[in-house]
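The residues making up each chain are set out below.
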Amino acid sequence: MSDDQLKALIGRSVTISVPATVANLGAGYDVLALALDYRNELTVRVSGLALPGAAGDISIVVEGEGLSELPTDKSNVMAGALVRGLTAAGVADADRLSFEIKALNRIPLARGLGSSAAAFVGALFAGAALAGASGSIDDLPGSCADLFPDDLTDRLFAAADEYEGHPDNASAAIFGGLVASARVDGVLTARLIAVPEETIPVVAIPELRLPTSEMRAVLPNKVPMEDAVHNASRMAAGIAALEAGDVTGFALLADDRLHQPYRAAKYRAMPALIAAAVGAGAVSASLAGAGSSVLAIVDDASRVSAVAKALEAAISTAQIGGGALRFDVDTDGVRIEAYEGFGA
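First things first, this report covers the structure right here in the doc. Not measured: the values here are computed from a predicted model.

Right, let's talk about unusual backbone geometry for a bit. One can expect most non-glycine residues to show negative phi and most peptide bonds to be in trans. At the junction of Gly291 and Ser292, the peptide bond is cis and its omega measures out at 15° in the coordinates. Structurally, Ser292 can be placed in the loop between strand 9 (284-287) and strand 10 (294-298). One non-glycine residue with positive phi stands out, namely Asn24, at about 80°. Here Asn24 is to be found in strand 1 (residues 13-24). Of note, the phi angle at Ser68 is positive, near 70°, even though the residue is not glycine. In this structure, Ser68 sits in the loop between strand 3 (58-64) and helix 2 (77-88). Of the residues examined, Ser68 reaches a relative accessible area of 76% and is grouped as exposed.

Next comes the structure, spelled out in structure tokens:
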């Protein structure tokens, strides 16, 4: 790409938001994820262009979660994802561009709510948006999955899967809703699953942090055939129930044998949190990703308060700090909130 073409990007600015995501939902280990309308926002401005052969500068300001923790230089995952998104959208030599980034982080770190996927997906799609992938937009906010060409979205999804090492959180962050993702004959694919209208997520968010790497390390390399069949049956029956509009499909999905029993040995408060939610009237409860959050599904607004209070009482008893919040299911996925400097 010529210097004039790269210089034409200077001054462009885009604001992207990305939802929190809860992976697994019990039996859907590394396959299922649900998007929640609890969003990080990322504003990126192209501020300059380095000489040929040199790399551009980057400045990052973090607000909210991760303040004074997350790196504010090129070691931040957003820096590489931003360039990768521009490159995927056809901008050669994107690493010569300089950027100003402001990240407003609401999603807690290391709690099983997809904070790493949100950071990577947000910057990845911001890069593609800065390249003009969305075309002109009449109404904002706009879902990137609707605005971007399908082949570009597929490439960005593949990049996010490569970074995360599994596609579940990334798929829900990109497409919104409840998503099943997998590789079929080597091709990454994602399919939306119907979410009954009465579905109300209530999430216990302890202060306790559980790094995904540590929670994966406790899992066995092999599992009994009986347990594999059990999970396959719960996945099939649970998804079929949800597609039929039956919210109790979440209860079938929550009945897991492949990862939660093993993770309970490290996260001893988890069984009590799950039991508290179900005992207070939740349809289901399961570990959110690798934890420490727990996702409860409620089907009646009148029960939300009781479930939230039961979760908070269990958190207090376990002495792990935190609270419980009600959310809506997000159906947009990553979206463009605002953009400037793109001309007519």
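What follows concerns the nonpolar core. Across soluble globular proteins, nonpolar side chains have a tendency to be buried as a group. Formed by 75 residues in total, the largest nonpolar core has its most connected members in Ile16, Phe99, Ile101, Val121, Phe125 and Phe148. For this core, the element with the highest residue contribution is helix 3 (residues 115-130), accounting for ten residues. Those residues in contact with Val121 that lie beyond four places of it in its chain are Val18, Ala160, Ala170, Ala173, Ile174 and Val334. Core analysis: the next-biggest nonpolar cluster, separate from the first, contains 29 residues, Ile274, Ala285, Ala290 and Ile315 among them.

Turning next to helix 12 (residues 304-318). Counting along an α-helix, one turn takes 3.6 residues, and residues three or four places apart therefore face a common direction. End to end, helix 12 covers 21 Å across 15 residues, agreeing with the expected 21 Å (1.5 Å per residue, within 8%). Buried within helix 12 we find Val304, Val307, Ala308, Ala310, Leu311, Ala314 and Ile315. In a view along the axis of helix 12, the buried residues occupy a sector of 160°, so they form one face of it. Of the exposed residues in helix 12, those oriented more than 90 degrees away from the buried face are Lys309, Ser316 and Thr317. A positive phi of about 55° marks Gln319, the residue just after helix 12.

In this section: the sheet that holds strand 9. The sheet built from four strands is open, its strands ordered 9-10-8-11 with antiparallel pairing. In the strand order of this sheet, the two ends are held by strand 9 and strand 11 (322-326), each with one partner. On average, adjacent strands in this sheet sit at an angle of 20° to one another, irrespective of strand direction. With four bridges joining them, strand 9 and strand 10 adopt antiparallel strand pairing. Within strand 10, the residue paired with Ser284 across the bridge is Ile297. Across the sheet, helix 11 (residues 270-279) touches strand 9 and strand 10, and the angle it forms with strand 9 is around 160°. Packing against the sheet, helix 12 makes contact with strand 8 (200-206), strand 10 and strand 11, and its axis sits at approximately 15° to strand 8.

Thresholds applied
Residues numbered from 1 in each chain as written. Predicted model: local features only at pLDDT ≥ 70, side-chain atom pairs only at ≥ 80, totals over all residues. Heavy atoms only, no water. Helix = DSSP H or I, 4+ residues; strand = E, 2+ residues; numbered from the N terminus. Buried < 20%, exposed > 50% of the residue type's maximum accessible area, 1.4 Å probe, protein only. Core = buried A, V, L, I, M, F, W, Y, C linked by side-chain atoms within 4.5 Å. Contact = heavy atoms within 4.5 Å. Expected span 1.5 Å × (residues − 1). Arc of directions from axis to C-beta. Pairing = 2+ DSSP bridges. Axes fitted to C-alpha atoms, helices over the stretch in contact; angles between N-to-C directions.

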